[in-house]
Amino acid sequence: MKTLLSFPLATLVAISAFGQVNVPFERIRDAAKEPANWLTCGGNYAGFRYSALNQISVSNVANIKPAWIYQSREAGKWEVTPLVVDGIIYVSERPNVITAIDGHTGRPLWNYRRPMPADVLGCCGPVNRGLAILGDAIYVNTYDCHLVCIDANTGKQRWDKVVADYKPGYSMTAAPLAVKDKIIVGISGGEYGIRGFLDAYDAKTGARAWRFWTVPEKGEPGNETWGGGDAWKNGGVGTWTTGTYDPELNTVYWGTGNPGPDYNGDVRPGDNLYACSVVAIDPDSGKLRWYYQYTPHDVHDWDSSEVPLLIDAPIGGKQRKLLVQANRNAFFYVLDRATGQFITGKAFAKQTWAKGLDEKGRPILVPGKEPSSDGVLVYPGLEGAVNWPPPSYSPDTGLFYVHAQDNYAQIFFKSKSQYEAGQDYEGGGTRNVLGAEPYGAVKAIEATTGNVKWEFKEQTSSNSGILTTGSGLLFAGTRDGYFYALNAATGETLWNFQTGGSIQGGPVTFLIDGKQYVAIAAGTALFTFAL
Amino acid sequence: MAAASVLTAVAQDHLEPPPAPVKPAATSQTPADLEKGRLLFSTHCATCHGAQGEGGKGPTLAQPTLPRASDWDSLVRIISNGIGGSEMPAARLEATEIELVAKYVQSLGSLPVVPLPGNPQRGSQIYASKGGCAQCHMIRGKGGVFGPDLSDVGRRRSAPYLRRSLVDPSADVPESYSAWRSDVPLPQNFLYVRVVTRDGQEFAGIRVNEDTFSIQIRDAAGAVHSFFKSNLAELHKDFGKSPMPSYATAFTKDELDDVVAFLASLRLDK
């Protein structure tokens, strides 16, 4: 019998040459220099989800085949965008399970499991959308509102901090954002009368460094936009998707959620700052640099939770630092990210609630589109013209790609609402239109103008993220299970594969031993493809 | 944030809030309450159940005992939650409003029941012979699978609605408030589809399933055909249309009465 010791040592090294994990801040900041890896949820700090890798191309993508499939032992759809570091893939499974996977084989290297209480409220299920890595540690937000630090080499827990008490309605699903020596995290709960915030924690110790409340308290600027009473205390305004970061301006950008109660604004007359906005935050102090509110006094549950993507591009012949976002309210916005100044905005899907935007980007409302007891038909419906699935930006095409839903209306109802801790606090609801079949689409939007260049129609709306590559490809997935590739310049279909599971994760690409792979979470599995 | 999932219209990932607590029937029922209930009913219910609860797309509510809501609690529960797997949605009403609607619905039960003119036994024979209905429709496991199953149609549809469906089949086809079922979606709406393949073959049938890249249809003989959309030269979706022929002239007036009486008698609870 041959023993393990009888193998030459070199063979073992060749099989498993990972090296000890180390991802300092500088590697994440310079992520574009190492397209072999996927070091932060958005691909880079600007949220591009773009990779310069080009082995898989427009001419050969039709030949890619499954390389391996990792299947979860737990039920429940995945919404993760994996991290990839030097041959190891890190995924969050549902609920509260983290796995490190060998990129060569698809076999797990370690597993971290944390029990989850059964009484977490959460509007939309115990999903998890991704992880952060910094140094030799993995960070995850749990559904029951803990921030956990895990040794990236072994899967052993280092520390576990309570971010919020989940019982009144807080939950967490987004990937944390690692910036310098801090881990920045957002929360959900806008349907339960929580008061929203954005937190930063010391990456080494887990001590809280700062908290930025997204609903200002009495005496703070912005509190006067909540009607003067106590509505601000239960004003909602979650921070439930991961933001972006500009190292030069040393500013973090984060989208904020709906004010509460969602559909009945009577208790909160005013603009309701900083709901349905993007906030620009100093990551060292947590201080607000500027804000821009897309939907003042929202009554349709149109969170501004889509990724505030950061691009540098010319406007009127002058290079500008821009922030672009496709908003749930059906408008695409271009802002100056140094100042928060509105530059332009344009509807990218059917909408009936606003006549347009004024010179500052404030919507010019169509009268009578607020929810009522008899119901009011409005485009878009509550899920919005976009929702949360992360977009992509290709510097090669200058196009911004986002999963949208179009021709989508709902009937909005308003009802009375009294805040009670741990209870739903929405003040109404919606109903679909009988017989209607809205459609999903990848929309390719010119990033500096908001003009839609092309759209790729899908049968239904999709929650999948989008990936673009240096070889001119776009990868995305559908709710009906297809992972597919388009020509990023034209929208032409080049390849598709039926995974058998609803695709709601973000695709990534990376190199293993110099060979390019593309991976996507579908159903409860991670699929990888290669030539 | 509601809706980290996407499109309620497309898939019901979004968890509905828990239903309002059900209170026992209040004893008092003032004319003012009844009027409030009638107004709410006309806004939220009459589209399907008819202005007087006489029925239509939804069953008649003007009957002494409602099969699925024989007591106060079940009536309030159905109005609050809807009926899963049917076209009946949950009401977007407050608890007190639901009680007002429920009281109004209960009051409809005292309306006189109008007897149907036809003979259900004769209708059954016409259904099987002259009508040829069983070629496409199934009753209790017997018949074709092309058209909707009729085993329980007497409970789900009113007699005037059934009559109109025989005379003008496209006047209304089954539509749902939720276009797609669940995470891996199956369509809920009735849809007649015609396709022409790139090599010139033509097919028509009812949509069984459809996704971004493919569509599956069932033809009149019951056979399922699957197509990649990239192989189709034409794809026509006849929303709101029915492939069923009209029986306006094929049946005599008496035959029509008999078939309506037969269909109205079809109930799985019998």
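From a predicted model like this one, the values you see are computed outputs, not experimental measurements. (Residues numbered from 1 in each chain as written. Chains lettered and ligands numbered in written order. Predicted model: local features only at pLDDT ≥ 70, side-chain atom pairs only at ≥ 80, totals over all residues.)

Colleague: Outline the overall build of chain B, supporting the account with residue identities and numerical values.
Modeller: Along chain B, the regular secondary structure elements total eight helices and nine strands. Across the 270 residues that make up chain B, the buried fraction comes to 36%. (Helix = DSSP H or I, 4+ residues; strand = E, 2+ residues; numbered from the N terminus. Buried ≥ 20, exposed ≤ 12 C-beta atoms within 10 Å, placed from the backbone.)

Colleague: Summarise the overall build of chain A; cite the residues concerned and give the values.
Modeller: The helix and strand tally for chain A stands at two helices and 38 strands. Along the three orthogonal principal directions, the C-alpha set of chain A runs to about 80 × 50 × 50 Å. By sequence separation, contacts in chain A at least 24 residues apart represent 60% of the contacts at least 6 residues apart. (Contact = placed C-beta atoms within 7 Å.)

Colleague: Talk me through the packing of helix α7 (residues 159–167) of chain B against helix α8 (residues 253–264) of chain B; I want residue IDs and the actual numbers.
Modeller: Residues and elements named next belong to chain B. For the pair α7 and α8, the least separation of the axes is 9 Å and the interaxial angle reads 125°. Relative to α8, the element α7 lies oblique. Every pair of crossing elements has a handedness; the one defined by α7 and α8 is right-handed. On α8, the residues touching Ala159, Leu162, Arg163 and Leu166 of α7 are Leu256, Val259, Val260, Leu263 and Ala264. (Axes fitted to C-alpha atoms, helices over the stretch in contact; angles between N-to-C directions. Parallel < 35°, antiparallel > 145°, perpendicular 65-115°, else oblique. Left-handed = near helix turned anticlockwise from the far one by under 90°.)

Colleague: Could you give me a rundown of the domain arrangement of chain B, with the residues and numbers involved?
Modeller: Residues and elements named next belong to chain B. The domains assigned to chain B are domain 1 (1–113), domain 2 (120–169 + 245–264) and domain 3 (191–238). Contact residues are listed per partner, giving seven residues for domain 1 and five residues for domain 2. In terms of residue class, the side of domain 1 that touches domain 2 is made up of two nonpolar, three polar and two charged. (Domains from an automatic or database assignment. Nonpolar A, V, L, I, M, F, W, Y, C, P; charged D, E, K, R; others polar.)

Colleague: Could you give me a rundown of the confidence of the model for chain A, with the residues and numbers involved?
Modeller: For chain A, the average pLDDT comes to 95, and 97% of its residues sit at 70 or higher. Counted against residues more than four places away or in other chains, residues 1–16 of chain A, with its pLDDT under 50, gives one contact. (pLDDT = per-residue confidence, 0-100.)

Colleague: Tell me about the nonpolar core, residues and numbers included.
Modeller: Judged by nonpolar contacts, the single largest core of 143 residues is most densely connected at Leu131, Ile133, Ile138, Tyr139, Ala178 and Ile183 of chain A. Considering every element that reaches this core, the biggest residue donor is strand β37 (residues 515–522) of chain A, with six residues. Apart from the residues lying within four places of it in its own chain, the contact partners of Ile133 of chain A are Val23, Leu39, Leu83, Val85, Ile138, Ala152 and Ala178 of chain A. In terms of nonpolar packing, the next biggest core, distinct from the first, is built from 19 residues, Leu40, Ala91, Leu93 and Ala102 of chain B among them. (Core = buried A, V, L, I, M, F, W, Y, C linked by C-beta atoms within 7 Å.)

Colleague: I'd like to hear about the pairing of strand β31 (residues 452–458) of chain A, residue by residue, with values.
Modeller: Residue and element names in this part refer to chain A. As judged from the six bridges shared by strand β30 (residues 439–446) and β31, these two strands associate in the antiparallel manner. Bridging across to β31, Lys443 finds its partner in Glu455. Taking the residues that link successive antiparallel strands as the turn, the β30-β31 hairpin has five residues, and the phi of Gly450 there is positive, at about 85°. (Pairing = 2+ DSSP bridges.)

Colleague: If you had to explain α8 of chain B to someone new, which residues and values would you point to?
Modeller: Along an α-helix, a turn takes 3.6 residues, which lines up residues three or four apart on a common side. All names here are of chain B. Helix length check: α8, at 12 residues, gives a terminal C-alpha distance of 16 Å against a target of 16 Å (1.5 Å per residue), a fit within 8%. Taken residue by residue, α8 has Leu256, Asp258, Val259, Val260, Ala261, Phe262, Leu263 and Ala264 as its buried positions. Tucked inside the fold, the buried residues of α8 contact α5 (120–128), α6 (153–156) and α7. (Expected span 1.5 Å × (residues − 1).)

Colleague: Give a description of α7 of chain B that names residues and reports values.
Modeller: Inspection of α7 of chain B places Ala159, Tyr161, Leu162, Arg163, Ser165 and Leu166 of chain B among the buried residues, and these make up the whole buried set. Buried residues belonging to α7 of chain B abut α8 of chain B.

Colleague: An account of the confidence of the model for chain B is requested, with residue identities and associated values reported.
Modeller: Residues and elements named next belong to chain B. On average, residues of chain B score 84 in pLDDT, and 86% of them are at 70 or above. Scored below 50 in pLDDT, residues 2–24 makes 80 contacts in the model with residues more than four places away or belonging to other chains. Predicted complex metrics record ipTM = 0.85 and pTM = 0.90.

Colleague: How would you sum up the packing of helix α3 (residues 72–81) of chain B against helix α4 (residues 95–108) of chain B? Please name residues and give values.
Modeller: Axis angle and axis distance: for two packed helices, these are the angle between their axes and the distance between the axes, and together they describe the pair. All names here are of chain B. Put simply, α3 and α4 touch, their axes get as near as 10 Å, and they point 120° apart. What the angle tells us is that α3 and α4 run oblique. For α3 against α4, the interelement crossing comes out right-handed. Together, Trp72, Leu75, Val76, Ile79 and Ser80 of α3 and Ile98, Glu99, Val101, Ala102 and Val105 of α4 make up the contact between the two elements.

Colleague: So, the sheet that holds strand β29 (residues 428–432) of chain A: which residues are in play, and what are the values?
Modeller: Residue and element names in this part refer to chain A. The strand order across the open sheet built from three strands is β25-β28-β29, with neighbouring strands paired in antiparallel fashion. Because the sheet does not close on itself, it has two edges, and the strands there are β25 (376–378) and β29. Taking each pair of neighbouring strands and ignoring which way they run, the sheet shows an average axis angle of 35°. As paired strands, β25 and strand β28 (residues 410–414) are joined by three bridges and run antiparallel to one another. Looking across to β28, one finds that Val376 is bridged to Phe412.

Colleague: Describe the sheet that holds strand β4 (residues 88–93) of chain A, listing the residues and the values that go with them.
Modeller: All names here are of chain A. If you trace the four strands from one edge of the open sheet to the other, you get β3-β4-β5-β6, paired in antiparallel fashion. One side of each edge strand has no neighbouring strand; the edge strands of this open sheet are β3 (83–85) and β6 (108–113). Strand-to-strand twist of the sheet, defined as the mean angle between neighbouring strand axes without regard to direction, takes the value 20°. Where β3 and β4 come together, three bridges link them in antiparallel fashion. Looking at β4, one finds that Val85 is bridged to Ile88.

Colleague: Break down unusual backbone geometry for me, citing the residues and quoting the values.
Modeller: All names here are of chain A. Cis geometry is adopted by the peptide bond preceding Pro95, which originates at Arg94 and carries an omega value of -10°. Checked against the element boundaries, Pro95 lands in the loop between β4 and β5 (97–102). Here the residue pair Gly260 and Pro261 is connected by a cis peptide bond, since its omega of -5° sits within 30 degrees of zero. Mapping Pro261 onto the fold places it in the loop between β16 (251–255) and β17 (277–281). Positioned with a positive phi, Cys276 is a non-glycine residue whose angle comes to about 50°. In this fold, Cys276 is placed in the loop between β16 and β17.

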